[in-house]
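# A look at the structure
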Amino acid sequence: MAQTAERVVGTEVRRKEDPELITGQARYSDDLAAPGMLWMKLVLSPFAHARITSVDVSPALQVPGVVAAFGGRDLAGEWAGPLPTAWPVTDDLKNPPMYPLATDEVRFQGEGVAVVLAESRAAAEDGAEAVVAEYDPLPVVLDMEEALKDGADLVHADLGTNASYTWTLTNGDVDAVFATAPVVVKERYVVQRQIPAAMEPRALLAEYAPAMGEYTLTTSTQIPHIVRVVLAAFVLGIPESKLRVRAPNVGGGFGSKIRVSPEESLALVLARRTGRPVKWTGDRSSDVLTTHHARDQIQEIELAADEDGRIRGYRTRLIANMGAYLLLVGPGVPLLGAFLFCGPYGGEAYHFECTGVFTNTTPTDAYRGAGRPEATYAIERAIDALARRVGRDPVEIRRMNFLPESDGPIPSPGGLTVDSGHYNGTLDKALELVGYEELRAEQRARRERGDAKQIGIGFSTYIEMCGLAPSRVLGSLKYAAGGWDAARIRVLPTGKVTAFVGVSPHGQGHATTFSQILSDDLGIPVDDIEVVHGDTALAPLGMDTYGSRSLSVGGVAVHRAADRIVEKARKIAAHELEVSEDDLEYVRGRFSVKGAPDRARTIPEVAFSAWTAHNLPEGVEPELDASAVYDPENFVYPYGAHICAVEVDTETGQVDVLRYAAVDDVGTIINPQIVDGQVAGGVIQGIAEALFEEAVYDENGDLLTSSLTNYEVPAASDVPSIRIDKTVTPSTTNELGVKGVGETGTIASPPAVINAVVDALSHLGVTEMARPATPERVWRAIQQAKGGAA
Amino acid sequence: MHVSVTVNGTRREADVEPRTLLVYFLRETLGLTGTNVGCDTSTCGACTVHVDGQSVKSCTMLAAQADGREVTTIEGMASDGELHPLQRAFHEHHGLQCGYCTPGMIMASDSLIREAGHPLAEEEVRIGLEGNLCRCTGYQNIVKAVVAASQEMHGAPASA
Ligand code: FES
Ligand code: FES
């Protein structure tokens, strides 16, 4: 009877999520239908900036199958308030209201001006076509630096400025360090705008039960809990208890589904007004306009250093494009990188400032890494510039500047307390994995021969802060919510387990990972554990999934709840075995009496006793059920060394990634296969950011990259296989030792790629390379370095 | 208009608007929601199914054009409770994360492997799947899965 499962943490358990996904049985938001439902379609502004002179929905009402249609003004009375930002980063932040539909003025191409409800998809589309909206175009503001000049045209005329906020951070005597340092390098980089492009466009189904006054929203979101509180309290003005939000299977997010959206707001209101369920699915061409964009920063970074290249100070100025409005966490995105413009390097002084600026573009918000890829890009490019200046090798300059290696906390110039790190360890391993010596030899040979195709090697020794986040720190940064998360574990009478968690996955494999943790904690086989998430009616209150937090915050809550199960079970086991609790030994699901190992109780046995409740010890309640809420004391800090080798055709400018080695330290690993999957996906996304992807507007503010044919999400044939390895330095922030792995790839890889392109062309005199490094850009850079006309 | 299509071995008939795309006929008329939609420019391949054994992006074809033909969707890939080798391989090699692209990837890979007639090398898989986008996996494990399934389907040793 004494059964304990094998230890499974650290093994490649195959994902529990897969069976429904590989057979087509999974349900995503757009797969759902409800009896009598209506199809919703929005009418979007074709102009980037215009006064709305009229919206006539009456022609739409003539279209067969159209049931209702509204302009922005028709619904203006429905809103308790605008779609809020949860992160007003400064007291004087300018935060112009954005409503689900515009009423007087549109400020980006794709802003909604009217909405149509119809009996079918086709009728809704025809109805939306029939709406007549008229506009008076206004001057369009696109360039961030122009936008900040005196006398610039304004996105929001009543604000009198396009600047939303300026946020600063200073540690140490920055001016003195820069005044006395013998070497200062100053660099300027543009981190181009990205479109997250999860493969599943956003979609939803809204239902309303009039007799009960209850709303149910099933939506393709990363944040069902946050959507619920924000929609109920701020946008709709309804009791939070009357709104249930469910995230079913979600087809990728990458930050783009951290959103409280106009469509969610409209669908709920219209479900109530019509008394019928409302379904909305964003087709890709509207999704690229209406789902937020990301990155889009102009960066100035300065490093102050000694003559030998030892860095003493960092000074960064950013302009960050907010787009037309502040979204949920948009203004805070640069702050997530604010502490990391020093990478994993030392120094005594640090200054960061960022100005958020409005433009007539799709609003920006989080995208895989959020702020940290931008910071990593700046420091990893700048340290190469410093290496060139002081005549050092890129490996050498990194090694001499690494923070002290440590198993425990170390302060950083940015003001963080890094949990643990052995930076040379990942770098050593990456050099070997990529075949560094061989690549350098090949590079030399090609240079000597003057080959048209040259090789370059680029480094990125990054560190990130994730596991968002200690609530106290979020409070000090003026974020409106906490960063804790929750789990509830129920051991059923038959010894099977249901775990209810507050994080909400969209491809990460939480059910598998959490089952592995629980299996080891409770001695229950992985297959006997179910993980329930993404439904506010079932899950404990939680803070959802972003910022590589699910394991390092949510997973720790799971582990702590399991500890409480064991604590309670120990009392019952001791009672039944008639020994004191101290006389029991616990190993993976089995209590045995010290010195008499055959006298034992397993967790399933105790669960049955707890359920029958026939013979419980004094003061112990029936049921084997426990909860935990975990608020981390600190962030977690994954780090690593990524090395990219590219081949650049100096005649055409074509860049191919020859080899890519990613050696990450993400602390303790629960499931190596899932971790490697996250690394591979993130690295390729980052390579695409460096080489292919850029959201481009024309001078009128029309989005040119308006579909997946011209916004270049790479296909399998465009990208390489990468080499992946790990070192393991447990985090000291949490008892699982885990650090998080969701964002490492996109944080680390773009500078590795661009540094490699620069390195490939350095013998020609190229030192600068804009991103994405398209063949045209690379070719022009070569011509320019050669002194030719470009 | 009236269409009659054999879907996953069963004859299905319905009246549809002439402009109905095959993908919506499958998803909305027949309730076969395993086939996904990721774009409106026939770029992403999420909607890939087989029509008369050949892989087709079902968002590029009208339901009317499928009249009288045989369509296989992801729901029809497992037979007698046995997963298709590609389904097993995607699971084994972690070839999916959110799973949204997966039905299309599996359908496209199946015809790729069958048409090749031999076990595929990594490069052949990458080029063969050019028309299917995945945002989660970076393709690394998809490629591994398809190579492995191609070996199994063409009777090659399961190693390498
Ligand atoms: S939905 Fe058919 S190719 Fe994208
Ligand atoms: S697994 Fe998410 S898009 Fe491929």
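These numbers come from a predicted model, not from an experiment.

## Remarks on the overall build of chain A
Tallying secondary structure elements over chain A gives 20 helices and 28 strands in all. Against the globule reference of 28 Å for 790 residues, chain A gives a C-alpha radius of gyration of 28 Å, in line with a compact fold. If you line up chain A on its principal axes, its C-alpha atoms span 90 × 70 × 50 Å. Classification of the 790 residues of chain A by burial places 59% in the buried group.

## Describing the sheet that holds strand β9 (residues 203–209) of chain A
All names here are of chain A. An order of β3-β5-β1-β12-β9-β10-β11 is seen for the 7 strands of this open sheet, with the pairing classed as mixed. The open sheet has two edge strands with one neighbour each: β3 (66–71) and β11 (243–246). Between one strand axis and the next, the sheet turns by 20° as a mean value, whatever way the strands run. Each of β1 (38–44), β3, β5 (112–118), β9, β10 (214–219) and β12 (278–281) is contacted by helix α7 (residues 262–274), which is oriented at about 30° to β9, the strand it contacts most.

## What about the nonpolar core?
All names here are of chain A. Of all hydrophobic cores here, the largest spans 307 residues; its most connected members are Met40, Ala114, Val116, Ala499, Leu518, Val753 and Val757. At 11 residues, helix α16 (residues 550–577) tops the list of elements feeding residues into this core. Beyond its immediate sequence surroundings of up to four residues, Val753 is in contact with Gly458, Cys644, Val646, Val657, Ile687, Ala690 and Leu691.

## Considerations on the confidence of the model for chain B
Detailed conclusions should not be drawn from predicted coordinates in areas where pLDDT is low. The predicted model of chain B has a mean per-residue pLDDT of 96, with 97% of residues at 70 or higher. This prediction of the complex comes with two scores: 0.97 for pTM and 0.97 for ipTM.

## A short note on the interface of chain A and chain B
Contact residues are listed per partner, giving 44 residues for chain A and 45 residues for chain B. Listed by contribution, the elements that provide at least two residues to the side of chain A that touches chain B are α1 (18–22), α8 (284–290) and α18 (672–691) of chain A. A total of 7 residues in the side of chain A that touches chain B trace back to one element, the largest contributor, which is α18(A). Looking at side-chain class alone, the side of chain A that touches chain B contains 19 nonpolar, 17 polar and 8 charged residues.

## Things to note about unusual backbone geometry
Residue and element names in this part refer to chain A. Look at the link from Leu468 to Ala469: it is a cis peptide, with omega at -10°. Assignment of secondary structure puts Ala469 in the loop between β18 (453–463) and α14 (471–476). In this model, Arg771 is joined to Pro772 through a cis peptide bond whose omega is 0°. Positionally, Pro772 belongs in the loop between α19 (744–761) and α20 (775–785). Positive phi is not limited to glycine here, since Asp296 has a value of about 65°. Within the fold, Asp296 resides in strand β13 (residues 294–305).

## Details of the pairing of β9(A)
Residue and element names in this part refer to chain A. Burial within β9 is extensive, with 6 of its 7 residues counted as buried. The sheet contact formed by β9 and β10 spans 6 bridges and is antiparallel. Residue pairing for β10: Leu204 is matched across the bridge by Thr219. In textbook terms, the turn of a hairpin is the stretch between consecutive antiparallel strands, and for β9 and β10 this stretch comprises 4 residues, one of which, Gly213, has a positive phi near 65°.

## Re helix α3 (residues 121–130) of chain A
All names here are of chain A. Every buried residue belonging to α3 is among Ala123, Ala124, Gly127 and Ala128, and all of these are buried. One face of α3 carries all of its buried residues, which in axial projection span an arc of 135°. Looking at the buried positions of α3, the neighbouring elements they touch are β1, α2 (58–62), β3 and β5.

## Looking at the domain arrangement of chain A
All names here are of chain A. Entries for chain A in the domain assignment read domain 1 (18–24 + 484–630), domain 2 (32–138 + 199–252 + 257–290) and domain 3 (294–468 + 634–785). Spacing between the C-alpha centres of domain 2 and domain 3 amounts to 37 Å. The partner domain 3 presents 24 residues to the 22 residues of domain 2 that form the contact. When the residues that make up the side of domain 2 that touches domain 3 are grouped by side-chain class, the tally is 13 nonpolar, 6 polar and 3 charged.

## Considering the sheet that holds strand β2 (residues 50–56) of chain A
All names here are of chain A. Read across the sheet, 3 strands follow the order β4-β2-β6 without closing on themselves; strand pairing throughout is antiparallel. Edge positions in the sheet fall to β4 (105–106) and β6 (132–137), since each of these pairs with one other strand and no more. Relative to β4, β2 runs antiparallel, the two being bridged by 2 bridges. Bridging from a neighbouring strand, Ala50 pairs with Val106 of β4.

## Quick word on the domain arrangement of chain B
Residue and element names in this part refer to chain B. Taken domain by domain, chain B consists of domain 1 (2–76) and domain 2 (85–153). Relative placement of domain 1 and domain 2: their C-alpha centres are 21 Å apart. The partner domain 2 presents 11 residues to the 15 residues of domain 1 that form the contact. Of all the secondary-structure elements, those providing two or more residues to the side of domain 1 that touches domain 2 are β3 (48–51) and β4 (54–57). The leading source of residues in the side of domain 1 that touches domain 2 is β3, at 3 residues. The residue makeup of the side of domain 1 that touches domain 2, split by class, is 5 nonpolar, 10 polar and no charged.

## With respect to the environment of B:Phe25
Residue and element names in this part refer to chain B. Here Phe25 lies in helix α1 (residues 22–29). Taking the C-alpha atoms as reference points, Phe25 and Arg126, 101 residues apart in sequence, are found 30 Å from one another. Residues within four places of Phe25 in sequence aside, it is in contact with Val16, Thr20, Leu30 and Ala63.

## Side note on the environment of A:Val758
Residue and element names in this part refer to chain A. Mapped onto the fold, Val758 is located in helix α19. When the C-alpha atoms of Val758 and Ile455 are compared, they prove to be 9.9 Å apart, with 303 residues separating the residues in sequence. Apart from residues lying up to four places away in sequence, Val758 is in contact with Gly456, Val766, Thr767 and Met769.

## Side note on the environment of B:His94
Here B:His94 lies in the loop between α2 (85–92) and α3 (102–116). Dropping the residues within four chain positions of it, B:His94 is found in contact with A:Arg15, A:Gln673, A:Ile674, A:Gly677 and B:Asn141.

## What about the packing of α18(A) against α19(A)?
Residues and elements named next belong to chain A. At a closest axis distance of 7 Å, the pairing of α18 and α19 adopts a crossing angle of 40°. Comparing the axis directions of α18 and α19 gives the class oblique. By crossing handedness, the relation of α18 to α19 is classed as right-handed. Counting all contacts with α18, which are made through Gln678, Val679, Gly681, Gly682, Val683, Gln685, Gly686, Ile687, Glu689, Ala690 and Leu691, the residues of α19 involved are Thr744, Gly745, Thr746, Ala748, Ser749, Pro750, Val753 and Ile754. Of the residues in the contact of α18 with α19, the class split is 9 nonpolar, 9 polar and 1 charged.

## Observations concerning the pairing of β18(A)
Residue and element names in this part refer to chain A. Across the 11 residues that make up β18, a large majority, 10, are buried. Pairing geometry for β18 and strand β26 (residues 639–649), over 11 bridges, is antiparallel. Opposite Thr461, over in β26, you have Ala641 as the bridge partner.

Cut-off values and rules
Residues numbered from 1 in each chain as written. Chains lettered and ligands numbered in written order. Predicted model: local features only at pLDDT ≥ 70, side-chain atom pairs only at ≥ 80, totals over all residues. Helix = DSSP H or I, 4+ residues; strand = E, 2+ residues; numbered from the N terminus. Rg over C-alpha atoms; globule rule 2.2 N^0.38 Å. Buried ≥ 20, exposed ≤ 12 C-beta atoms within 10 Å, placed from the backbone. Pairing = 2+ DSSP bridges. Axes fitted to C-alpha atoms, helices over the stretch in contact; angles between N-to-C directions. Contact = placed C-beta atoms within 7 Å. Core = buried A, V, L, I, M, F, W, Y, C linked by C-beta atoms within 7 Å. pLDDT = per-residue confidence, 0-100. Nonpolar A, V, L, I, M, F, W, Y, C, P; charged D, E, K, R; others polar. Arc of directions from axis to C-beta. Domains from an automatic or database assignment. Parallel < 35°, antiparallel > 145°, perpendicular 65-115°, else oblique. Left-handed = near helix turned anticlockwise from the far one by under 90°.

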